[in-house]
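# Inside the fold
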Amino acid sequence: PTQAEVNYSITASNNGCVGGTTSFKLLVDASSFGGTVSSSQTVFYGNNSGTVTMTGNVGSIVRWKRVQNGITTDIASTNNSLDFINLSQNTAYKAVVKNGVCLDTESQPAVVSIEPLPIISGSANIIMGNPVTLSVTGSYSTYQWRNESVSFLSTASYYTTNISDYYIVTIS
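Residues numbered from 1 in each chain as written. Predicted model: local features only at pLDDT ≥ 70, side-chain atom pairs only at ≥ 80, totals over all residues. Heavy atoms only, no water.

### A look at the pairing of strand E13 (residues 132-136)
In E13, alternate side chains face the same way, and those of Val132, Leu134 and Val136 are buried while those of Thr133 and Ser135 on the opposite face are not. Where strand E12 (residues 120-121) meets E13, two bridges bridge the pair, whose relative direction is antiparallel. Among the inter-strand pairings, isoleucine 120 is bridged to a residue of E13, identified as valine 136. (Buried < 20%, exposed > 50% of the residue type's maximum accessible area, 1.4 Å probe, protein only. Helix = DSSP H or I, 4+ residues; strand = E, 2+ residues; numbered from the N terminus. Pairing = 2+ DSSP bridges.)

### A look at a nonpolar patch on the surface
Side chains of Tyr8, Ile10, Phe24, Leu26 and Val28 sit close together on the surface and give an oily, nonpolar patch of about 430 Å² of accessible area. Breaking the nonpolar patch down by element, the ones donating at least two residues are strand E1 (3-14) and strand E2 (17-29). Ranked by residues supplied to the nonpolar patch, first place goes to E2 with three residues. You can see leucine 26 is positioned in strand E2. The class of leucine 26 is partly exposed, set by a relative accessible area of 38%. (Patch = residues over 30% accessible without salt bridge, like charges linked within 9 Å, V, L, I, M, F, W, Y side chains within 5 Å. Areas by Shrake-Rupley, 256 points an atom, 1.4 Å probe, with all protein chains shown as cover. Salt bridge = Lys/Arg side-chain N within 4 Å of Asp/Glu carboxyl O.)

### Describing the environment of leucine 26
Along the sequence, leucine 26 and tyrosine 8 sit 18 residues apart, while their C-alpha atoms lie 7.6 Å from each other. Not counting residues within four places of it along the chain, the set of residues in contact with leucine 26 comprises Ala4, Glu5, Val6 and Tyr8. (Contact = heavy atoms within 4.5 Å.)

Next up, the structure:
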């Protein structure tokens, strides 16, 4: 529970004489607890989107905070989740939570890490009869190589060819 109710009665007495009784109710708020923003994740530079979600908090979200390169920016949202789009640098998201009259507190953050865009490397010049190996910087789970005419070529982390064409690799 985020609040408890306690009922009190006070009866006045003096040397055996009983006076009037006064009753009152005391409401006690549980301390604010920030909980955790879940969904730490890694996304690619620039063209990305996602959601971070608050869990385990005691109290209501009064605002969110975004931290990039040590600079904190308040976000005026009281929703339980927060969307992000097109990040270009590592970003932490925290929620500020307040319960009743208690002081507000911050949640544990979710961090959205930015993976740099991959770079295809290999010789730009193909000499007749000499194959060229194209590869991608970084290590990824899946690779799909294709050429300009959208013909599927390979799922390896590299592609070797002796044909001059425009090559595309989709990674995840």
